[in-house]
Amino acid sequence: MSKRSNTDEFADIRASVRALCAKFPGEYWRALDRERAYPSEFVKALTEGGYLAALIPEEFGGSGLGISAAAAILEEIHASGSNGAACHAQMYTMGTILRHGNAAQKEAYLPKIASGQLRLQAFGVTEPTSGTDTLSLRTTARREGDHYVINGQKIWTSRAEHSDLMLLLARTTPRDQARQRTDGLSVFLVDMRLAQSTSMTINPIRTMMNHATTQVFFDDLRVPADNLIGEEGQGFRYILSGMNAERILIASECIGDAKWFIAKATAYAQERVLFGRPIGKNQGVQFPIARAYAQMRAAELMVHEAARKYEEGRDIGPEANMAKLLAADASWAAADMCVQTHGGFGFAEEYDVERKFREARLYQVAPISTNMILAYLAEHVLGLPRSY
Ligand SMILES: Cc1cc2nc3c(=O)[nH]c(=O)nc-3n(C[C@H](O)[C@H](O)[C@H](O)COP(=O)(O)OP(=O)(O)OC[C@H]3O[C@@H](n4cnc5c(N)ncnc54)[C@H](O)[C@@H]3O)c2cc1C
């Protein structure tokens with residue numbers, strides 16, 4: 001795109017990410033999309049480049065960069081037409097260990113996660129019966145001596161087949177015995193390499209877009225008590241505390257997608273000639289592109305605001321949620337505009353537009369759906385009554 005915003009910030013990182021992504025052009029992603037296959041070479045290249053360890057402190061072998069740098073990496077991946085969903089969790093899921101793990105856990109896992117020797121890509125929160133209502137989840141962890149025994153089921157556990165470790169949220173105290181509504185859930189670091197095939201089953205789910213997501217069943221899975229993160233019963237708080245970072249990073253991917261759609265549409269509007277002139281000469285074609293650009297820039301400001309406040313250690317619940325909402329809307333609006341600009345060719349696989357269109361749709365729903373963000377803003381920012 002010729003008019004890129006904030007070109008100076010993290011210019012070196014952005015340039016090197018773009019150079020890496022140039023080795024993974026549309027043909028690469030199209031072939032994977034057809035087969036619903038995992039982009040192993042792409043993930044390997046990002047790992048070897050150290051990009052997935054951006055947020056891990058230097059003392060544990062990472063780059064010790066701030067969230068803005070990580071956001072720039074993911075944005076560039078998406079602006080290049082690639083997709084970070086295959087590995088973005090490696091960047092931020094470790095934050096739960098970093099913030100709430102004990103010294104031994106940090107020492108044992110973070111350096112290996114930073115080097116890529118261990119992949120912490122799987123995050124098991126959502127369940128089929130509880131969905132968005134996390135406190136109703138039914139997977140249990142029962143203490144037996146120096147182990148916990150896990151039983152239950154997770155759904156949409158993305159990348160479980162491509163991960164060594166899973167961060168798992170399970171109930172350790174029955175809901176009716178918990179002191180507070182949000183007590184009684186605990187977080188475990190599950191080493192999936194050690195799980196016996198009879199105690200953990202992973203079934204892939206084929207989705208609208210190429211996303212390595214799965215259902216995971218636990219049947220008396222034994223996890224050492226040493227793998228409990230933080231205090232038993234406080235897991236819901238630990239998971240919530242990582243969600244602001246996740247929202248900022250996913251929002252950055254959406255901004256990258258929006259930039260890709262806008263660049264793609266702008267180029268096509270210049271080169272497609274009908275009635276003796278480029279279609280981009282028609283206001284009916286150029287105005288939607290201009291509108292998508294303005295919408296993307298406004299969302300980008302909120303993403304930057306959220307990242308800045310996060311780095312200052314401030315409470316950013318509203319900004320992180322608004323960044324995710326606005327960026328997901330901006331990418332989806334740009335996706336729709338891009339299909340329209342391409343006319344029939346927007347539906348042709350070889351243009352990559354239809355693939356990115358399918359990919360962009362996810363962010364209205366995951367990792368948090370638009371409705372839940374609006375409910376948060378209504379209740380916590382505007383003081384309206386809680387709706388659920
Ligand atoms: C491809 C993909 C990858 C994912 N990866 C992961 C992952 O790695 N780990 C993980 O734990 N989860 C993951 N998820 C789950 C994702 O976070 C959930 O799908 C999402 O939070 C919505 O939950 P749900 O699908 O159960 O919908 P539901 O909770 O069943 O909700 C259905 C609809 O009702 C709306 N709704 C529900 N309650 C209310 C209310 N009170 N007010 C207004 N509207 C409401 C929702 O917004 C939604 O539109 C993934 C999902 C997908 C599709």
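Notes on the structure in this doc start here. (Residues numbered from 1 in each chain as written. Predicted model: local features only at pLDDT ≥ 70, side-chain atom pairs only at ≥ 80, totals over all residues. Heavy atoms only, no water.)

Comments concerning a nonpolar patch on the surface
Here comes step 1: A grouping of Val-381, Leu-382 and Leu-384 is seen on the molecular surface, where their side chains present a nonpolar patch of about 300 Å² in accessible area.
Here comes step 2: Topologically, Leu-384 is positioned in the segment after helix 12 (370–381). (Patch = residues over 30% accessible without salt bridge, like charges linked within 9 Å, V, L, I, M, F, W, Y side chains within 5 Å. Areas by Shrake-Rupley, 256 points an atom, 1.4 Å probe, with all protein chains shown as cover. Salt bridge = Lys/Arg side-chain N within 4 Å of Asp/Glu carboxyl O. Helix = DSSP H or I, 4+ residues; strand = E, 2+ residues; numbered from the N terminus.)

Some remarks on the side chain of Asn-321
Here comes step 1: Examined against the element boundaries, Asn-321 turns out to sit in helix 10 (residues 317–342).
Here comes step 2: A relative accessible area of 2% places Asn-321 in the buried class.
Here comes step 3: In contact with Asn-321, not counting residues within four places along its chain, are Arg-247, Ile-368, Ile-373 and Tyr-376. (Buried < 20%, exposed > 50% of the residue type's maximum accessible area, 1.4 Å probe, protein only. Contact = heavy atoms within 4.5 Å.)

A short note on the packing of aromatic side chains
Here comes step 1: Here the structure, examined in full by the defined rule, presents 9 aromatic pairs.
Here comes step 2: The interplanar angle of 40 degrees and the centroid separation of 4.7 Å between the aromatic rings of Trp-332 and Phe-357 together place this pair among those described as tilted. Here Trp-332 is found in helix 10, whereas its partner Phe-357 is found in helix 11 (residues 353–361), with 25 residues between them in sequence.
Here comes step 3: Ring pairing ties together the aromatic residues Phe-24, Tyr-28, Trp-29 and Phe-42, which thus form one cluster.
Here comes step 4: Positioned over the ring face of Trp-260 is Lys-356, at 5.5 Å from the centre of the ring.
Here comes step 5: Stacked on the ring of Trp-332, the Lys or Arg Arg-361 has its end atom at 5.4 Å from the ring centre. (Phe/Tyr/Trp six-rings, centres within 6.5 Å; stacked < 30°, edge-to-face > 60°. Lys NZ or Arg CZ within 6 Å of the ring centre and 35° of its normal.)

Remarks on the nonpolar core
Burial of nonpolar side chains together is a common tendency in soluble globular proteins.
Here comes step 1: Counting residues in hydrophobic clusters, the biggest one holds 93 residues, and the most contacted among them are Phe-42 and Ile-113.
Here comes step 2: At 18 residues, helix 8 (residues 235–271) tops the list of elements feeding residues into this core.
Here comes step 3: Aside from chain neighbours lying at most four places away, what touches Phe-42 is Leu-20, Cys-21, Phe-24, Tyr-28, Trp-29, Ile-77, Ser-82 and Asn-83.
Here comes step 4: Counting residues in each nonpolar core, the second largest holds 19 residues, with Ile-150, Ala-195, Val-216 and Leu-221 among its members. (Core = buried A, V, L, I, M, F, W, Y, C linked by side-chain atoms within 4.5 Å.)

Examining the packing of helix 8 against helix 11
Here comes step 1: At a closest axis distance of 11 Å, the pairing of helix 8 and helix 11 adopts a crossing angle of 155 degrees. In terms of axis orientation, helix 8 runs roughly antiparallel to helix 11. Here helix 8 runs over helix 11; the crossing is left-handed. Residues Asp-257, Trp-260, Phe-261 and Lys-264 of helix 8 form the contact with helix 11, whose participating residues are Val-353, Lys-356, Phe-357 and Ala-360.
Here comes step 2: The class makeup of the residues in the contact of helix 8 with helix 11 is 5 nonpolar, no polar and 3 charged. (Axes fitted to C-alpha atoms, helices over the stretch in contact; angles between N-to-C directions. Parallel < 35°, antiparallel > 145°, perpendicular 65-115°, else oblique. Left-handed = near helix turned anticlockwise from the far one by under 90°. Nonpolar A, V, L, I, M, F, W, Y, C, P; charged D, E, K, R; others polar.)

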